[in-house]
Amino acid sequence: MKNTFATEIILPNEQERLHALRSYRILGTYAEKSFKSIAKLVADIFKSSIAMISLVDAEEVYFGSNVGMDNAVGPRGESFCSLTILKPEVNVIEDALLDPVVANNPLVCGDFGLRFYAGAPLITHDGFMIGTVCLVDTKPRTFNDHDKSILEGMAGLVMEQIELRLQNLLDTERQAVVNDQLLASNEKLSASEGRFQTILDTMAEGVRIIDTSGRLVYANIMAQHLLGLTPSKIEDGVYDDPKWQLLWVNGSPLPEEDHPMAIMMRTGQPVLDYEVALQPPGRERFYISVNAAPIFDRQSGELTGGIGTFMDVTNRRKVLQQKDEFINVASHELRTPVTSLKAAMQIMDRIKDNPKPDVLAKMIDQSNKSLSRLTSLITDLLDSNRISQGQLHLRKTKFNLSSILESQHIRDAEKHEIIIEGIIDMEIEADEQQIDQVLVNLLSNAVKYAPESKVIHVIIEHLAEQLKISVKDSGPGIAQDQLIHLFERYYRVDYSGFQYSGLGLGLYISSEIIKKHGGTIGVESVVGSGTTFWFTIPI
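If you're wondering where the values come from, they're calculated on a predicted model, not measured in any experiment.

**Details of the packing of aromatic side chains**
Thought 1: Here the structure, examined in full by the defined rule, presents six aromatic pairs.
Thought 2: Plain terms: the ring middles of phenylalanine 80 and tyrosine 117 are 5.5 Å apart, the flat faces sit at 55° to each other, and that makes the pair tilted. Taken as a pair, phenylalanine 80 in the loop between strand 3 (73-75) and helix 4 (81-84) and tyrosine 117 in strand 5 (residues 116-123) lie far apart in primary sequence, 37 residues in all. Each of the two residues, phenylalanine 80 as well as tyrosine 117, counts as buried.

**Observations concerning the confidence of the model for the protein**
Thought 1: This prediction gives the protein a mean pLDDT of 83; 83% of its residues lie at or above 70.
Thought 2: Mean pLDDT across the secondary structure elements of the protein bottoms out at strand 21 (residues 498-499), with 44, and peaks at strand 4 (residues 91-93), with 97.
Thought 3: Low pLDDT, under 50, characterises residues 495-501; the predicted model gives this stretch 16 contacts beyond four residues in sequence or across chains.

**Re helix 16 (residues 506-516)**
Thought 1: Counting buried residues in helix 16 gives eight out of eleven residues, a clear majority hidden from the surface.
Thought 2: The positive-phi residue at the C-terminal boundary of helix 16 is glycine 518, with phi of around 85°.

**Concerning the nonpolar core**
Soluble, globular proteins show a tendency: their nonpolar side chains are buried together.
Thought 1: Within the largest apolar cluster, 37 residues are counted, with the highest numbers of intra-cluster contacts made by Leu401 and Phe535.
Thought 2: If you list the elements that add at least two residues to this core, you get helix 12 (402-405), strand 17 (427-430), helix 14 (432-449), strand 18 (455-463), strand 19 (466-473), helix 16, strand 22 (521-526) and strand 23 (530-538).
Thought 3: When sequence neighbours within four positions are dropped, the list of residues in contact with phenylalanine 535 reads Ile435, Val438, Leu442, Leu467, Lys468, Ile469, Ile514, Thr520 and Ile521.
Thought 4: Ranked by size, the runner-up nonpolar core spans 34 residues in total, among them Tyr24, Ala51, Val133 and Ile150.

**Description of the pattern of salt bridges**
Thought 1: Enumeration over the complete set of coordinates arrives at nine salt bridges.
Thought 2: Salt-bridge contacts for arginine 174 lead to aspartate 171; the nearest nitrogen and oxygen are separated by 2.2 Å. Within this pair, arginine 174 and its partner aspartate 171 are both found in helix 6 (residues 145-187), separated by three residues, close to a single helical turn.
Thought 3: Looking at aspartate 171, the relative accessible area reads 22%, which means it is partly exposed.
Thought 4: Here lysine 515 makes a salt bridge to glutamate 512, at a shortest N to O gap of 3.9 Å. You can see lysine 515 and its partner glutamate 512 sitting in helix 16, three residues apart, about one turn around the helix.
Thought 5: Assessed through its relative accessible area of 53%, lysine 515 is described here as exposed.
Thought 6: Counted as one network, the salt bridges with shared partners bring together Glu14, Arg17 and Arg76.

**So, the sheet that holds strand 11 (residues 245-247)**
Backbone hydrogen bonds hold the strands of a sheet together, and the pairing may be parallel or antiparallel.
Thought 1: On the basis of which strands lie adjacent, the open sheet formed by six strands has the order 8-7-14-13-12-11 and antiparallel pairing. Bordering the open sheet on either side are strand 8 (216-219) and strand 11, each of which pairs with just one other strand. Sheet twist, expressed as the mean angle between neighbouring strand axes with direction ignored, is 30°.
Thought 2: Direction of pairing for strand 7 (residues 206-211) relative to strand 8: antiparallel, over a ladder of three bridges. Note that in strand 8 the partner of arginine 208 across the bridge is alanine 219.

**Some details on the side chain of serine 525**
Thought 1: Position of serine 525 among the secondary structure elements: in strand 22.
Thought 2: A relative accessible area of 7% places serine 525 in the buried class.
Thought 3: At a separation of 2.8 Å, a polar atom in the side chain of serine 525 contacts the main-chain amide nitrogen of isoleucine 478.
Thought 4: Only 2.8 Å separates the side chain of serine 525 from the side chain of threonine 531, close enough to count as a polar contact.
Thought 5: Once you skip the residues sitting within four places of it in the chain, serine 525 turns out to touch Gly477, Ile478, Gln480, Leu483, Gly530 and Thr531.

**Overview of the environment of isoleucine 514**
Thought 1: Looking at where isoleucine 514 falls in the secondary structure, it is placed in helix 16.
Thought 2: Given a relative accessible area of 0%, isoleucine 514 falls into the buried group.
Thought 3: Each C-alpha atom, one on isoleucine 514 and one on phenylalanine 535, is 7.2 Å from the other, the two residues being 21 residues apart in sequence.
Thought 4: Once residues within four sequence positions are removed from consideration, isoleucine 514 is found in contact with Ile435, Val438, Gly519, Thr520, Ile521, Phe535, Thr536 and Ile537.

**Observations regarding the sheet that holds strand 19**
Thought 1: Here we have five strands laid out as an open sheet, ordered 16-18-19-23-22, and mixed in their pairing. Each of the sheet's edge strands pairs with one partner strand only, and the pair in question is strand 16 (417-421) and strand 22. Strand-to-strand, the axes of this sheet are offset by a mean angle of 15°, without reference to chain direction.
Thought 2: Direction of pairing for strand 16 relative to strand 18: parallel, over a ladder of five bridges. Paired with glutamate 421 across the two strands is isoleucine 459, which belongs to strand 18.
Thought 3: Against the sheet, helix 14 touches strand 16, strand 18, strand 19 and strand 23, its axis set at about 20° to strand 19.
Thought 4: The strands that helix 16 touches are strand 22 and strand 23; relative to strand 23, the one it contacts most, it runs at about 30°.

Conventions used here
- Residues numbered from 1 in each chain as written.
- Predicted model: local features only at pLDDT ≥ 70, side-chain atom pairs only at ≥ 80, totals over all residues.
- Heavy atoms only, no water.
- Phe/Tyr/Trp six-rings, centres within 6.5 Å; stacked < 30°, edge-to-face > 60°.
- Helix = DSSP H or I, 4+ residues; strand = E, 2+ residues; numbered from the N terminus.
- Buried < 20%, exposed > 50% of the residue type's maximum accessible area, 1.4 Å probe, protein only.
- pLDDT = per-residue confidence, 0-100.
- Contact = heavy atoms within 4.5 Å.
- Core = buried A, V, L, I, M, F, W, Y, C linked by side-chain atoms within 4.5 Å.
- Salt bridge = Lys/Arg side-chain N within 4 Å of Asp/Glu carboxyl O.
- Pairing = 2+ DSSP bridges.
- Axes fitted to C-alpha atoms, helices over the stretch in contact; angles between N-to-C directions.
- Polar contact = N/O pair within 3.5 Å; in protein donor to acceptor, adjacent residues only side chain to side chain.

Spelled out as structure tokens, the structure:
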């Protein structure tokens, strides 16, 4: 491999890094291209014509998910991404001609004329850097700390999806192993029927066996439970089918000929990890992943039936939906303050030679609000990423509770009056910045979701060896069916069909901070009578 950079691009742990990369089984697959929507989001946010998600192999760099490029692979010795995976920080080259490490690179000196590059490494859960989320330009650009934070957050999101894909792949393979075991056991059924029946009835997966006419001849206990089947009282080996509606995962009806068991019987080939939805009447829709395999007569080789195994993957489907929804929400929430800030800066640029005080003051105020909103969103993204990677660390110090309860940003709530009740002059040992972050988040939620609650109470209680802090409003309250989800990642409360702005991360981050302190967090609410969020920390 020819190295065109004026520095070494191979890390001492290269073999371990390559093993980590290849363990995800993503190179050269459709999954590698599936992140193109995130590459487009990066290009939109930074107004760049070229953005990509790369994977750095031994000799080449793969960037199948890209915007603005024709090639999907390039030599590692020429790719700037080879430099980005050397350190865990965001790598920025604002003007390549002025950087001695890259000035002689053919992408800089050649027809392409690369001048600007910014990349954040994709870091696995065990610390290996396997690729990047990056953008390039043919003109020099500046790239500030806020830009770096956004790019780093996007890299964390991509890595989470790569990890989730691997887990789903391993689950599918485990299902295939179970399917093979079932087929082997079926051949010995006559000799070990009792033992085999016990195994089937204690399995976590549903099992169905059909004959060549498609008649169901066996369903284990889990299959009966998941599909709503009951053994018929009329004929042994027949099941009363409730005829639940079978759907594609997008909600449209699934034709009978597209059922995985029908496909298997038609083709004589196994069908693996075929995901469908089931809609029972009066119940919530759920999703199952089906494996269907043919059963052949060992002597004649004729198809005698089929065996299907399936498992409930509703939680997996919801996680994937939440990820997709989060990307859309993040795109909108990040783009709004960026657009507003850019508009304000353009106006100030036009009037800089003849400034009007009232317009200038308004634009500065708008810029500060947009920057504050952007900073808050970036902080939530980075905190969420640190939590998912197990990197939320506490810096405990001894401090007086009054130092945060009497601070200006706690008291400053515009149209709301903050009333503090209880003894606040007490010394505690905790991470002052993180406890302040939790309190500010609970107060911000009270202001946002209870705008008509003119008074918000902050109540401090000393309970044995714990300190309890509550934030109480007299707003519209929250429905009981939503309370159990409030501290979940990405969850956003729906008030009568109206979604408030935000990423749905604040309460999740607050919950993780309090758990890290060894405390508890909770909520009490009655629709029409207000809401109280509270948390405890050990004293």
